[in-house]
Amino acid sequence: MSKTYASKSLKEQVWTDNESWTIHRGKLTSRGRPQNIDPLFLAVGEKLPLSALDSVKKNMQDNGISQTYPVASSNFSLDHQLYLC
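Definitions and cut-offs
Along every chain, residues carry numbers that run from 1 in the direction the sequence is written. Whole-chain, interface and lining totals are the exception, using all residues; otherwise, since this is a predicted model, local features are given only for residues with pLDDT of at least 70 and side-chain atom pairs are given and counted only at 80 or more. Side-chain descriptors were evaluated using all non-hydrogen atoms of the structure, hydrogens and water having been removed beforehand. Helix and strand assignments follow DSSP, with helices taken as H or I runs no shorter than four residues and strands as E runs no shorter than two, numbered in order from the N terminus. Only protein chains enter the area calculation, which uses a 1.4 Å probe; residues under 20% of their type maximum are buried, those over 50% are exposed, and those in between are partly exposed. We call two residues in contact when some of their heavy atoms are within 4.5 Å. Note on areas: Shrake-Rupley with a 1.4 Å probe; residue coverage comes only from the protein chains shown. Think of it as the arc spanned by the lines of direction from the helix axis to the C-beta atoms. A side-chain nitrogen of Lys or Arg and a carboxyl oxygen of Asp or Glu constitute a salt bridge if their distance falls within 4 Å. Among buried residues, the Ala, Val, Leu, Ile, Met, Phe, Trp, Tyr and Cys ones that are joined through side-chain atoms within 4.5 Å form a nonpolar core.

A. Geometry of the overall build of the chain. Across its full length, the chain carries one helix and five strands. Secondary structure elements of the chain occur, N-terminal to C-terminal, as β-β-β-α-β-β. Of all 85 residues assigned to the chain, the portion counted as buried reaches 21%. Within the chain, contacts between residues at least 6 apart in sequence are counted, and of these 48% link residues at least 24 apart. Total accessible area on the chain stands at roughly 7,000 Å², and carbon and sulfur atoms take up 50% of it.

Here it is as structure tokens:
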């Protein structure tokens, strides 16, 4: 029996450094009945460059997510953090 996997849809580009980093806003939909449950997090970002955080925060506020402080933050290196909002 084959299983369906999560699918993602990208809505817009939020930030890029024109070299190796690009950050998009989008939606990840899991298999099953995700429309019947409330999401655990409003936004998830992994290994975001520090130079992108202002653009990401502004985009989140423009899209109705006013609480843009990290719930969990972990430093992977000097330039990367994990934020869960």
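B. Inspection of helix 1 (residues 53–62) at higher detail. Along helix 1, the residues that are buried comprise Val56, Asn59 and Met60. The buried residues of helix 1 all sit within an arc of 100° when viewed along its axis, so they share a single face. When the buried face of helix 1 is taken as reference, the exposed residues oriented beyond 90 degrees from it are Asp54 and Asp62. Two residues or fewer after helix 1 comes glycine 64, characterised by a positive phi angle close to 85°.

C. Geometry of the pattern of salt bridges. Going through the model one piece at a time under the given rule, you end up with two salt bridges. The salt bridge partner of arginine 25 is glutamate 12, with a shortest N-O separation of 2.9 Å. Here glutamate 12 lies in strand 1 (residues 7–16) and arginine 25 lies in strand 2 (residues 22–29), a separation of 13 residues in the sequence. We note a salt bridge from aspartate 62 to lysine 58, for which the minimum N-O separation is 2.9 Å. Taken together, the residues span about one helical turn, with aspartate 62 and lysine 58 both in helix 1 at a distance of four residues. Overall, aspartate 62 belongs to the exposed group, its relative accessible area being 54%.

D. Broad picture of the nonpolar core. Of all hydrophobic cores here, the largest spans nine residues; its members are Val14, Trp15, Ile23, Ala43, Leu48, Ala52, Val56, Met60 and Ile65. When contributions to this core are tallied by element, the ones reaching two or more residues are strand 1 and helix 1. In this view, tryptophan 15 contacts Trp21, Thr22, Ile23, Pro49, Ser51, Ala52 and Ser55; residues no more than four positions away in its chain are not counted.

E. Representation of the side chain of asparagine 59 in the model. Position of asparagine 59 relative to the elements: it lies in helix 1. Classification of asparagine 59 by relative accessible area gives buried; the value is 13%. Contact partners of asparagine 59, with chain neighbours within four places excluded, come to Glu12, Val14 and Arg25.

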